[in-house]
Amino acid sequence: MSKIEVTPGMFSQVELKPSLKASIVMAVAGLIVLLGFGVFGKPGDITYVWSDKREFVQLPSYVVNSMLFCTIIGVILLALAGLAFMLNRRSKVTPMWLIIIFGFLAIMALLGWLATGASQGVQMVFILSNTLVLAIPLILGGMAGIMSERVGVVNIAIEGQLLTGAFVSSVVGTTTGNLYIGMIAAMIAAGLLSMILASLAIKYLVDQVIIGVLLNVLVIGVTNFLHSAWVDKDRQHLNFPGTFDKIAIPFLSDIPVVGQVLFNNRITVYLMFIIVPVLWYVLFKTKLGLRARSVGEHPLAADTVGINVAKTRFWWVTIGGMIAGLGGAALTIGNVGSFGREMSGGQGFIALAVVILGRWQPIYVMLSALLFGFTIILRVWANQVSPGVPFDFIVMVPYLVTLVAVAGFAGKVRAPAASGQPYVKG
Amino acid sequence: MKLELRNITKKFGTLVANDNISLVLKPGEIHSLLGENGAGKSTLMNVLYGLLQPDSGEILLDDKAVKFNGPGDAMAAGIGMVHQHFMLIPVFTVAENVVLGHEPTSKLGALDVGAARKLVLEISDRFGFQIDPDAKIQDLPVGAQQRVEIIKALARNAKILVLDEPTAVLTPQETDELMEIMRGLAKSGTSIIFITHKLREVQQVADSITVIRQGKVVASPSPKASASELASLMVGREVDLDVKRKPAKLGGESLVIQDLTVLDDRNHQMVDGVSFKVQDGEVLAIAGVQGNGQTELAEAILGIRKVHSGSIVVSNKDVTKSTVREVLEAGLGYIPEDRKKDGLVGDFSIAENLMLDGSFTKPFAKGIQIDFPKRDEIAEDLIERFDIRTPSAETLAKQLSGGNQQKVVVARELGRDLKVLVASQPTRGVDVGSIEFIHEQIIAARDAGKAVLIISTELDEVLALADRIAVMYRGKIVGIVDAKTSREKLGKMMAGIAA
Amino acid sequence: MKKNKDVAVKESSSESVLKEIMSGDPVRISLSILLGFIIGAIFMVVFDSGVVKSWSNFGADPNYALSSVWWTIQDGYGALFSGSIYNLNADNFIDGIRPLTETLRFAAPLVMAGLGVALTFRVGLFNIGATGQIMVGLAGATFVSTRMELPPVIHMLLATVVAVLCASVWGIIVGILKARFGAHEVIVTIMLNYVAASLFTYFLREPSLLLEANGGGTPKSDRPADTAMLGSLLGPEFKLHYGLIFAVLAVVGYWWLMERSTFGFRFRMVGHNASAARAAGIKVENTFIWALAISAGFAGLAAANQALSIQGGLTTSIEAGIGFDAITVALLGGSRAGGVAMAGLLFGAFKAGASSMQVAGVSPEVLGVVKALIVLFIAAPPIIRAIYRLPKPGPKMIDVMKKTAKVAK
């Protein structure tokens with residue numbers, strides 16, 4: 001008798017060609033920049049304006065030839081796409097830093113192309129700081145999404161949580177005259193809404209997606225009613241909170257560009273600066289995070305080592321909801337200054353996409369949300385500097401990027417295994 | 001530590017899973033809990049582990065009554081459990097899995113990865129496990145994953161270790177290693193409850209035995225009892241696994257597999273250059289330990305899994321690249337290993353389940369409409385012929401017992417005109433009465449001149465049905481032998497040692 | 001072998017029958033609707049300034065306070081009734097019955113789009129893309145209705161067919177992304193809704209496509225040619241048009257497709273157990289694509305209904321939330337033909353009654369609350385059970401079967 005021969009590679013992984021979708025998409029984008037914006041672009045100069053006139057330190061504006069600049073960037077983008085292609089061929093996932101650099105350069109080219117010849121130039125501070133402020137609800141909504149999906153509860157109700165936060169912060173902020181109370185009330189209200197989601201999904205095992213959609217419908221219905229039947233009849237005393245004051249952080253806010261964009265903001269922005277890294281740390285570096293992730297991956301296994309699955313899920317979903325409530329407050333008292341009908345306008349759904357685009361990781365989710373924030377401001381800005389550009393198509397870009405991401409990365413990047421699965425003991 | 005279970009009763013609705021069960025586990029002994037699938041062993045252990053609360057009865061540790069409200073309590077009391085389906089998180093590392101639930105932390109609540117790693121290495125070295133604490137679970141072979149489970153229990157200072165069907169997924173060789181580990185643990189003072197339905201393993205390691213049948217303790221035989229004695233205690237009557245049949249009348253080769261290679265979802269090569277032929281009128285059984293490529297082989301034949309290379313011919317038609325529908329139309333009948341997943345639609349009625357793969361053509365379809373009268377007629381006929389015990393053909397499949405569900409699948413597949421039958425684990429989780437009936441039906445199909453391929457991890461089933469036996473190990477056919485081959489030799493082949 | 005018909009499950013004590021009925025659907029649905037209206041009434045009362053004022057003088061005039069509550073509720077729901085079913089103050093029958101025809105007119109697109117969403121539910125997909133599909137359908141129908149000259153009826157039918165095809169293409173994209181690339185349909189449909197909205201605005205802005213002949217800066221189309229309009233069903237006295245006939249045909253077609261045809265059988269099989277369907281020779285991926293195409297086709301019908309019945313030109317607001325309402329309609333209707341039709345009628349009545357509630361001084365937005373609550377209660381049986389203290393559904397059949405099987409042995 002002889003032992004059967006075991007050849008290397010047998011019963012082990014077989015090398016298959018990995019998906020090249022990401023690199024192909026990058027190559028296409030690179031070609032658009034190279035040809036569309038560069039070689040066949042608009043003649044003329046681009047002015048990148050780095051400083052606001054009010055700023056302490058003034059940086060000189062940077063003027064370049066549009067076609068030359070976009071051509072160079074196009075070449076760099078194609079090189080990056082090539083690098084991604086080589087990595088993909090070695091069956092590696094396209095690294096996030098590469099995508100970030102790629103995205104940044106592509107955006108610079110797009111901005112330059114749009115503003116070619118425009119007298120006001122590319123106002124970097126205006127664009128970046130608005131991007132940040134507009135992205136806050138998306139980022140915080142995304143954190144809510146991460147917190148619930150990481151413990152295995154799909155949270156479609158982010159939209160409702162944002163809207164709740166927006167409404168409550170505005171009304172409570174106005175009636176009490178204290179915006180901080182308004183902000184806290186918004187978090188509590190959105191937290192309570194999440195408790196409904198959590199208990200129906202965890203205790204009563206109602207389909208999580210359906211419950212989420214219906215809670216959105218409910219919140220839209222209730223806020224619409226309260227807005228028209230109550231709040232709107234006495235706007236001055238019920239829906240006129242104004243916004244938080246901007247707080248300039250000493251010294252840091254004097255740094256050119258960065259200071260104006262990052263360190264001269266309202267409290268909602270600073271809270272986001274704290275929440276995102278803290279969530280990252282808790283999720284990946286602490287035992288709380290390890291337990292939460294185990295509940296989202298394999299709830300039965302977590303249960304057998306004595307982790308209370310229902311309780312973990314309940315509190316993570318609830319605290320996530322409170323963060324989304326803060327995001328809602330950022331819409332009103334953090335930006336616009338009053339509540340408007342259905343003012344979240346689908347941002348809660350975009351937050352869902354942002355969670356996937358950011359691979360369920362707080363830092364990446366924040367970056368993805370910034371991309372969406374950028375397109376919101378782009379819509380406004382592009383119309384000013386370059387009327388006639390079919391910016392309906394530019395507005396579509398982040399949605400298309402998300403589509404490519406969910407289609408292209410599927411299989412490589414996966415959601416927490418038990419996401420959406422109710423857990424029944426016994 | 002001494003453990004005593006006293007008069008444990010646990011009911012699910014009207015089903016009594018544990019009926020007044022008592023047993024005593026002495027310190028440092030290996031106590032085997034023997035019983036068929038569904039006898040109530042797992043329920044009893046879930047009660048012991050705090051996952052379920054007993055309706056009555058008590059648990060005593062060192063003669064003191066204890067109450068476990070959850071696994072946390074049981075673990076704190078020194079009870080560790082290695083579940084049949086591993087309770088490991090595939091994307092976590094070994095160290096993370098081992099410390100989950102009792103994590104060492106440094107300041108700021110941060111996880112102390114260094115301490116976790118040290119803990120794993122320390123236990124691993126003590127018992128010679130050779131486990132890398134930084135490896136991800138999903139990259140480890142099954143045997144190593146099981147050792148991680150044992151480390152997990154020992155890391156919590158378990159004095160009592162419960163092993164639930166630990167050998168179901170192991171090769172005979174890995175099984176032997178596990179037996180060694182169990183003896184070593186017992187010697188160092190750990191008490192072990194060893195749950196199994198495999199008689200040979202019980203005889204090999206058990207210091208004492210408790211046999212459970214239909215939720216009740218039926219006997220506590222001596223570890224020296226013979227296998228047939230244990231078997232009859234376990235099933236409660238003389239089992240007639242030898243189906244009576246005539247000698248095979250061989251015909252043409254209706255299923256020909258040539259150099260077949262198949263990959264699993266993660267691109268592991270699970271079937272590796274397999275070739276065999278099945279003739280009309282014979283049963284070829286594929287034996288082997290679970291997870292050696294049998295599932296992928298069956299799926300590739302049906303066409304739900306892509307063939308990487310090689311060929312499959314069903315009744316002279318090359319179906320290597322065919323769709324499932326084409327394979328079925330070529331005359332293949334398929335009984336999947338997991339009927340709930342692949343064989344039935346639980347929320348469909350029996351009548352609908354009996355036409356599951358027949359919606360494209362006559363007799364079930366009339367143009368693009370379902371022919372309801374015909375469908376009901378056929379359903380009534382099959383329910384009669386295959387002894388499906390149900391109130392009506394409109395009853396939902398999920399409301400039937402396991403045996404009757406399996407009969408629905410068998411009836412559907414054998415109810416139409418077949419050339420080849422492929423049956424994976426045809427009697428898994430089925431009551432004894434239904435096993436006999438299904439075996440008879442399979443042999444009847446063989447006698448009617450169909451080529452039959454049985455894939456089973458139960459050696460008893462293989463020996464009862466097969467005319468020839470092919471043994472599969474790590475994706476390859478170790479050898480194809482006569483049905484009269486001895487168990488010992490088959491066991492060696494299942495461990496990859498060719499004849 | 002002897003057939004064992006005598007193991008039939010019989011536990012027909014009066015108690016278990018009661019349990020079955022109490023936990024059964026019709027009762028639960030009625031209770032949900034009732035509770036929705038009750039909570040809606042509370043909202044109306046609490047946020048009515050008149051009621052609040054009367055209650056602040058409760059001590060002085062408690063009767064007035066209580067009756068003001070009653071009057072507010074009566075005003076609100078009375079207006080809903082007379083705006084959606086029969087106007088009791090009307091001078092003649094035609095004016096009296098007009099609200100009911102308005103309900104039917106509003107219900108038609110909701111029913112058609114709702115059927116589309118329902119179809120995907122039954123295939124196990126959560127499709128919230130009706131909004132985008134309707135927008136693409138609107139664009140297609142309007143292009144035909146404003147840019148082509150054809151004889152009556154044929155023009156209308158062609159515009160309808162184009163709307164259905166355009167919407168189907170949009171559905172097929174979802175299907176392909178789901179089936180071939182494994183993308184989750186919820187995210188895909190949300191994203192495609194936004195893409196469709198942008199595309200739609202672009203079409204309306206683009207002179208060569210939909211922008212009206214003497215168009216200014218606002219995205220708006222011409223009004224559809226008379227030949228393409230859906231004709232009036234009951235004469236010029238009523239706004240009700242042939243869209244209702246399409247809706248009725250859609251309901252019947254959906255019923256036949258899902259309950260009688262082999263396609264429906266396979267759709268349902270995939271919805272209940274995709275891997276069993278695959279083992280039974282069904283191409284699950286293709287089934288997804290087909291289901292989404294047909295589902296979007298229903299949404300396209302709703303789009304045609306909207307595009308070919310408007311008086312002025314098409315604007316971006318024409319979609320009117322139908323796609324989103326379709327989800328709740330499908331949920332409320334249990335994804336069955338009859339149920340969706342009833343749910344569509346209820347929501348159509350809400351839309352029809354809104355304006356008369358406005359006239360009566362009650363915020364019609366309260367109906368949004370009622371609507372959401374009703375569907376929430378139906379989708380989450382535990383809430384209703386807890387509120388009404390209903391018994392849980394009886395012991396699972398499977399246990400009963402096990403017991404009887406044991407006896408049979």
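Participant: Honestly, the overall build of chain B in this entry has me stumped. Any pointers?
Facilitator: When its secondary structure is counted, chain B shows 17 helices and 23 strands. A compact globule built from 499 residues would reach a C-alpha radius of gyration of about 23 Å, and chain B, at 25 Å, matches this within 12%. Residue pairs in contact within chain B that sit at least 24 positions apart in sequence constitute 66% of those at least 6 positions apart.

Participant: How do you make sense of the overall build of chain A when you look at a structure like this?
Facilitator: In terms of helices and strands, chain A carries 16 helices and six strands. Compactness check: chain A gives a C-alpha radius of gyration of 24 Å against a globular reference of 22 Å for 426 residues, within 12% of the reference. C-alpha extents for chain A along the principal axes are approximately 80 × 70 × 40 Å. Looking at chain A residue by residue over its 426 residues, the buried ones come to 53%.

Participant: I'm lost on the interface of chain C and chain A in this one. Help?
Facilitator: How large an interface is tends to be reported as the accessible area lost when its parts come together. With 35 residues of chain C at the interface, the matching set in chain A holds 36 residues. Every element with two or more residues in the side of chain C that touches chain A is listed here: α7 (154–181), α8 (185–205), α13 (322–332) and α15 (366–379) of chain C. Top element by residues in the side of chain C that touches chain A is α8 of chain C. It accounts for ten residues. Grouping the amino acids of the side of chain C that touches chain A by side-chain chemistry returns 26 nonpolar, seven polar and two charged.

Participant: Please clarify how the sheet that holds strand β12 (residues 269–279) of chain B should be interpreted in this entry.
Facilitator: Whenever strands of a sheet pair, they do so through backbone hydrogen bonds, lying parallel or antiparallel. Residues and elements named next belong to chain B. Read from one edge of the open sheet, four strands run β12-β11-β14-β15, paired in antiparallel fashion. What marks the edges here is a single partner per strand, and that holds for β12 and β15 (317–318). Here strand β14 (residues 307–314) pairs with β15 via two bridges, running antiparallel. By the bridge assignment for β15, Val-314 is matched with Lys-317. Contacting β11 (253–263), β12 and β14, helix α9 (residues 294–302) runs over the sheet at an angle of about 65 degrees to β12.

Participant: Even after reading the chapter, I still don't get the packing of helix α5 (residues 158–176) of chain A against helix α14 (residues 347–357) of chain A, so can you show me in this structure?
Facilitator: Any two packed helices are characterised by how steeply their axes cross, that is the angle between the axes, and by the distance between the axes. Residues and elements named next belong to chain A. Between α5 and α14, the least distance of the axes is 7 Å, while the angle of their chain directions is 130 degrees. Here α14 runs oblique to α5, going by the angle between their axes. Judged by the sense of rotation from one axis to the other, the crossing of α5 with α14 is right-handed. Seen from α5, the contacting residues are Ile-158, Glu-159, Gly-160, Gln-161 and Leu-162; seen from α14, they are Gln-347, Gly-348, Phe-349, Ala-351 and Leu-352. Among the residues making up the contact of α5 with α14, the classes are represented as five nonpolar, four polar and one charged.

Participant: Help me understand the domain arrangement of chain A, please; the structure alone is not making it clear to me.
Facilitator: All names here are of chain A. Each assigned domain of chain A is listed here: domain 1 (21–120) and domain 2 (135–368). Between domain 1 and domain 2, the C-alpha centre-to-centre distance is 33 Å. Tallying the contact residues gives nine residues for domain 1 and six residues for domain 2. The class makeup of the residues in the side of domain 1 that touches domain 2 is six nonpolar, one polar and two charged.

Participant: Just checking my understanding: could you explain unusual backbone geometry for this structure?
Facilitator: Negative phi characterises most residues that are not glycine, and trans characterises most peptide bonds. Residues and elements named next belong to chain B. Along the chain, Lys-362 connects to Pro-363 via a cis peptide bond; the corresponding omega equals 5 degrees. Along the chain, Pro-363 falls in the loop between α12 (350–353) and β17 (365–366). Non-glycine residue Asp-63 carries a positive phi angle of around 65 degrees. Mapped onto the elements of the fold, Asp-63 is located in the loop between β4 (56–61) and β5 (64–66).

Participant: Looking at this model, I keep getting lost on the nonpolar core. Mind explaining?
Facilitator: Most often, soluble globular proteins keep nonpolar side chains buried together rather than apart. If you look at the biggest cluster of nonpolar residues, it comprises 418 residues, and the most contacted ones within it are Val-162 and Val-471 of chain B together with Met-112 and Ala-113 of chain C. In terms of residues, this core owes the most to one element, helix α12 (residues 284–307) of chain C, which gives 16 residues. Once residues lying within four places of it in the same chain are set aside, the contact partners of Val-471 of chain B are Ala-287, Gly-288, Ile-477, Val-478, Gly-479, Leu-490, Met-493 and Met-494 of chain B.

Participant: Honestly, the sheet that holds strand β8 (residues 191–196) of chain B in this entry has me stumped. Any pointers?
Facilitator: Residue and element names in this part refer to chain B. The six strands are arranged β6-β7-β8-β3-β9-β10 in an open sheet whose pairing can be described as mixed. The open sheet has two edge strands with one neighbour each: β6 (79–82) and β10 (216–219). Neighbour-to-neighbour, the strand axes of the sheet open up by a mean angle of 25 degrees, direction not taken into account. Those strands touched by helix α1 (residues 41–48) are β3 (30–34), β6, β7 (160–164), β8 and β9 (208–213), and its axis lies near 150 degrees from that of β7. Seen against the sheet, helix α5 (residues 142–154) touches β6 and β7 and runs at an angle of roughly 170 degrees to β6.

Participant: Just to check I follow, could you spell out the environment of Ile-101 of chain A for this structure?
Facilitator: All names here are of chain A. Tracing the backbone through its elements, the reader meets Ile-101 in helix α3 (residues 96–114). With 14 C-beta atoms packed within 10 Å, Ile-101 lands in the partly exposed category. Between the C-alpha atoms of Ile-101 and Leu-80, which are 21 residues apart in sequence, the distance is 8.8 Å.

Participant: Where do I start with the domain arrangement of chain B in this structure?
Facilitator: Along its sequence, chain B is organised into domain 1 (3–235) and domain 2 (253–494). Between domain 1 of chain B and domain 2 of chain B, the C-alpha centre-to-centre distance is 34 Å.

Participant: Before we go on, may I ask you to explain α3 of chain A in this structure?
Facilitator: Each α-helix winds once per 3.6 residues, and so residues spaced three or four apart point in a common direction. An ideal rise of 1.5 Å per residue puts 27 Å on 19 residues; α3 of chain A measures up with 27 Å between its terminal C-alpha atoms. Within α3 of chain A, the full set of buried residues consists of Phe-102, Ala-106, Ala-109, Leu-110, Leu-111, Gly-112, Trp-113 and Leu-114 of chain A.

Participant: Hey, could you run me through α13 of chain C in this one?
Facilitator: In terms of residue burial, α13 of chain C counts as a mostly covered element, since eleven of its eleven residues are buried. If you check which residues of α13 of chain C are buried, you get Ile-322, Gly-323, Phe-324, Asp-325, Ala-326, Ile-327, Thr-328, Val-329, Ala-330, Leu-331 and Leu-332 of chain C. Looking at the packing, one finds that the buried side of α13 of chain C touches α7 (208–229) of chain A together with α5 (93–122), α6 (130–147), α12, α14 (337–359) and α15 of chain C. Looking one or two residues past α13 of chain C, Gly-334 of chain C carries a phi angle of roughly 60 degrees, positive in sign.

Participant: I tried to follow the pairing of β4 of chain B on my own but got confused; where do I start?
Facilitator: Consecutive residues of a regular strand have side chains that alternate between opposite faces of the sheet. All names here are of chain B. Relative to β4, strand β1 (residues 3–12) runs antiparallel, the two sharing five bridges. If you follow Glu-4 over to β4, its bridge partner there is Leu-60. With three bridges joining them, β4 and β5 adopt antiparallel strand pairing. In the sheet register, Ile-59 faces β5, and the bridge partner there is Val-66. Joining the antiparallel neighbours β4 and β5 is a turn of two residues, in which Asp-62 adopts a positive phi near 45 degrees.

Participant: Help me out: how do you make sense of the environment of Thr-116 of chain A in this one?
Facilitator: All names here are of chain A. By the secondary structure assignment, Thr-116 is in the loop between α3 and β4 (122–123). Taking the C-beta count within 10 Å as the criterion, Thr-116 has 25 such neighbours and is therefore assigned buried. On a C-alpha basis, the gap between Thr-116 and Ile-99 in space is 25 Å, while along the polypeptide they are 17 residues apart. If we skip the residues at most four places from it in the chain, Thr-116 touches Lys-42, Gly-44, Ile-46 and Ser-66.

Participant: Got a minute to help me understand the confidence of the model for chain B in this structure?
Facilitator: Looking at chain B, the pLDDT average stands at 87 and 96% of residues meet or exceed 70. As scored by the predictor, the complex reaches a pTM of 0.86 and an ipTM of 0.85.

Participant: Even after reading the chapter, I still don't get the packing of α3 of chain A against helix α15 (residues 362–385) of chain A, so can you show me in this structure?
Facilitator: Residues and elements named next belong to chain A. At their nearest, the axes of α3 and α15 sit 12 Å apart, and the two run at 5 degrees to each other. The angle between α3 and α15 falls in the class roughly parallel. Packed against α3, whose contacting residues are Met-96, Ile-100, Gly-103, Ile-107 and Leu-114, the element α15 presents Tyr-364, Leu-367, Leu-371, Phe-374, Ala-382 and Val-385 at the interface. By residue class, the composition of the contact of α3 with α15 is ten nonpolar, one polar and no charged.

Participant: I'm lost on the environment of Lys-287 of chain A in this one. Help?
Facilitator: Along the chain, Lys-287 of chain A falls in helix α11 (residues 287–297). Taking C-alpha positions, Lys-287 of chain A is 40 Å from Met-396 of chain A, a pair spaced 109 residues apart along the chain. Ignoring anything within four residues of it in the chain, the contact list for Lys-287 of chain A reads Glu-103, Thr-105, Gly-109 and Leu-111 of chain B.

Participant: Sorry if this is basic, but what is going on with the pairing of β7 of chain B here?
Facilitator: All names here are of chain B. Of all the five residues making up β7, five are buried; the element is thus mostly covered by neighbouring parts of the structure. Where burial is concerned, the two faces of β7 agree: the one with Ile-160, Val-162 and Asp-164 and the one with Leu-161 and Leu-163 are both buried. Sheet topology places β6 next to β7; four bridges connect them, and they run parallel. Within β7, the residue paired with Val-82 across the bridge is Leu-163. As defined by bridge partners, β7 adjoins β8 across five bridges and the pair is classed as parallel. The residue bridging Asp-164 from the neighbouring strand is Ile-195, located in β8.

Rules of the game
Residues numbered from 1 in each chain as written. Chains lettered and ligands numbered in written order. Predicted model: local features only at pLDDT ≥ 70, side-chain atom pairs only at ≥ 80, totals over all residues. Helix = DSSP H or I, 4+ residues; strand = E, 2+ residues; numbered from the N terminus. Rg over C-alpha atoms; globule rule 2.2 N^0.38 Å. Contact = placed C-beta atoms within 7 Å. Buried ≥ 20, exposed ≤ 12 C-beta atoms within 10 Å, placed from the backbone. Nonpolar A, V, L, I, M, F, W, Y, C, P; charged D, E, K, R; others polar. Pairing = 2+ DSSP bridges. Axes fitted to C-alpha atoms, helices over the stretch in contact; angles between N-to-C directions. Parallel < 35°, antiparallel > 145°, perpendicular 65-115°, else oblique. Left-handed = near helix turned anticlockwise from the far one by under 90°. Domains from an automatic or database assignment. Core = buried A, V, L, I, M, F, W, Y, C linked by C-beta atoms within 7 Å. Expected span 1.5 Å × (residues − 1). pLDDT = per-residue confidence, 0-100.

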